[in-house]
Amino acid sequence: MRRHLRRFSPVLEFLLVFFLLIAAIGTWIHLLEPAEISARDAVIAQRAWTNEKHQQLDPAKALTTLPLEMLQSVYATDGLVETTQPGPQTDVVEVGVFMDNNYDFDMTVPMVSSTGSLWLRWKEPLEQKLKQRQIKITDLVSFPNQTQSWDGTTTPLIEQPTRLANGDYYQRIHFDDNFYIQNLGLKRYPFQTIHSPLVIQLSDDSGAFNFSNLRLSPDRASSGIGRFIDLNGFIMRGWNLSEFRHVFDSDFGLNERVTGKPSTDLSLSEIIFSVAYTRSVRSSIWTLFQPLAIVMATVILSPSLSSKFWDIRIAIPATAILTLVFLQQGYRAELPDPPYLTFIDHIYVICYVICLLCFLLYVWAANRLQTAPEHREVETIRQIDRVDMAFQIFCGLALIVGGVISWVVSGG
């Protein structure tokens, strides 16, 4: 046993030094990474507070809705989901959304074009307040994640609100615009979940319609999605319409501050309509991982080639690295440049390291074979074959264990 360990000791020492060097370089890169400063605004998810029957989803539609906790983890910056009931003097505007179509999805921006309808329902007390200030309900509605507004349209279907039989006021708005996607879910790319949001927020500079005075109530029962909601290359998984509380960490120069805190409520009610998409697992494996698996199978099987063909063996890792670079550039071309490594990036890092180790193994084997005495050539070849076999087992385990660790790390 000691004799076999003595034969492998140079290789083991080299691997130990190599991995220590990789760990030192990784630690150094991590220390160089600048710290990310998060936004000062707070977005707090609001659990449903209405008990009206028409707000309840029918069982068929409930199957396609996303849980509020999923939206909270994507959009909210506060750790808790709160239930804040409107006060007796708080006005309520019921908001519903029907998304007809999502198209022109661009991950490099990231942005998606959306077409649909938005409707608002409110009662007489709020209508009187709007008339006193000589504004329309549509003047209070804004889309914070709207991009390239010059290329979109947001128009009321009727000029004046409609009075319903129960006395409520009703206004419907058609929109066709480009909207920024806040979270692409790229950490586990290509198995990511993308949330395509439409953010509806009150636009109020006077402070008369802040969170304490005016709330937006999601109309989930009437909201929904159309038949053109699918995105090419993705599978639609569901939608949700929920209220959030947007707390601004600024008084915009309008409010006096007392003991460092604003003298008025600097928060607004907002509605987020989110449609979730995921990539097809089968499509991702066949298009992104199948070529990678074939390249790495070639590399891992290459030590089975006789060590006498050292010139052929030593060319395989270099060719594989060039192929990996080409494959990686292929999928990176459609992505933005995130400040982190995606799941598939981690896999490619492992593959690059394996190719480098394979190249070093062949350099060691070629030198060992060329310098071996003629009478010890057979013994030297046997020793190289044993190292090759151990290397193949090591590479297979490294890909499996490294893939599992990468999946866990990328999900954090």
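Each remark here, short or long, concerns the structure printed above.
What counts, and where the lines are drawn
- Residues numbered from 1 in each chain as written.
- Predicted model: local features only at pLDDT ≥ 70, side-chain atom pairs only at ≥ 80, totals over all residues.
- Heavy atoms only, no water.
- Helix = DSSP H or I, 4+ residues; strand = E, 2+ residues; numbered from the N terminus.
- Buried < 20%, exposed > 50% of the residue type's maximum accessible area, 1.4 Å probe, protein only.
- Polar contact = N/O pair within 3.5 Å; in protein donor to acceptor, adjacent residues only side chain to side chain.
- Contact = heavy atoms within 4.5 Å.
- Salt bridge = Lys/Arg side-chain N within 4 Å of Asp/Glu carboxyl O.
- Phe/Tyr/Trp six-rings, centres within 6.5 Å; stacked < 30°, edge-to-face > 60°.
- Lys NZ or Arg CZ within 6 Å of the ring centre and 35° of its normal.
- Pairing = 2+ DSSP bridges.
- Expected span 1.5 Å × (residues − 1).
- Arc of directions from axis to C-beta.

Asker: Before we go on, may I ask you to explain the overall build of the protein in this structure?
Answerer: Scanning the protein from terminus to terminus reveals nine helices and 15 strands. Going through the 412 residues of the protein one by one, you find that 40% of them count as buried.

Asker: How do you make sense of the side chain of Ser113 when you look at a structure like this?
Answerer: Considering the arrangement of structural elements, one finds Ser113 in strand E3 (residues 111–122). Among the polar contacts made by the side chain of Ser113, one reaches the side chain of Asn178 at a distance of 2.5 Å. Sequence-distant contacts of Ser113, that is, excluding residues within four places in its chain, are made with Asn101, Asn102, Tyr103, Asp104, Asp177 and Asn178.

Asker: I'm lost on the pattern of salt bridges in this one. Help?
Answerer: One side chain can pair with another of opposite charge once the charged atoms of both are near each other. Tallying each qualifying case throughout the model produces 13 salt bridges. Of the charged contacts in the structure, one is a salt bridge between Glu69 and Arg47, with a shortest N-O distance of 3.1 Å. Of this pair, Glu69 sits in helix H3 (residues 68–75) while Arg47 is found in the loop between strand E1 (42–46) and helix H2 (59–62), placing the two residues 22 residues apart along the sequence. Accessibility expressed as a relative area gives 40% for Glu69, which makes it partly exposed. Between Arg215 and Glu243 there is a salt bridge, and its shortest N-O distance comes to 2.7 Å. Taken together, the residues Arg215 in strand E10 (residues 214–218) and Glu243 in strand E12 (residues 234–247) connect sequence positions 28 residues apart. You can call Arg215 buried: its relative accessible area is 1%. Through salt bridges that share partners, Glu94, Arg121, Lys123 and Asp168 make up one connected network.

Asker: Just to check I follow, could you spell out the packing of aromatic side chains for this structure?
Answerer: Each aromatic ring pair is summarised here by two numbers: the centre-to-centre distance and the angle between the ring planes. The full count for this structure, using the stated rule, is 15 aromatic pairs. With a centroid separation of 5.5 Å and an interplanar angle of 85°, the aromatic rings of Phe105 and Phe234 are classed as edge-to-face. One end of the pair, Phe105, is in strand E2 (residues 91–106); the other, Phe234, is in strand E12, with 129 residues separating them in the sequence. Measuring from ring centre to ring centre gives 5.9 Å for Trp122 and Tyr169, while their planes differ by 15°; the resulting arrangement is stacked. Here Trp122 is found in strand E3, whereas its partner Tyr169 is found in strand E8 (residues 169–180), with 47 residues between them in sequence. Take Tyr169: its relative accessible area is 9%, and that puts it in the buried class. The aromatic ring of Tyr340 is capped on one face by Lys187, whose charged end is 5.6 Å from the ring centroid.

Asker: Sorry if this is basic, but what is going on with the sheet that holds E12 here?
Answerer: Backbone hydrogen bonds are what pair the strands of a sheet, in a parallel or an antiparallel way. Spatial ordering of the open sheet is given by E1-E12-E15-E9-E4, a layout of five strands whose pairing is antiparallel. Edge strands, defined here as strands with exactly one partner in the open sheet, are E1 and strand E4 (141–142). By the bridge criterion, nine bridges tie strand E9 (residues 193–202) to strand E15 (residues 267–279) in an arrangement that is antiparallel. Residue Val199 lies in a different strand from E15, and its bridge partner there is Ile272.

Asker: Help me out: how do you make sense of helix H7 (residues 315–332) in this one?
Answerer: Two residues of an α-helix separated by three or four positions point the same way, owing to the 3.6 residues in each turn. For H7, built from 18 residues, the straight-helix expectation of 26 Å at 1.5 Å per residue is met to within 8% by its first-to-last C-alpha distance of 26 Å. Three or more residues of H7 are buried, namely Pro317, Ala320, Leu324, Gln328 and Tyr331. Summarising the axial view, the buried residues of H7 lie within an arc of 70°, below the 170-degree limit, and thus occupy one face. Exposed residues pointing more than 90 degrees away from the buried face of H7 are listed as Leu322, Phe326, Gln329 and Gly330. Its buried side turned inward, H7 meets helix H5 (281–301), helix H6 (310–313) and helix H8 (343–371).

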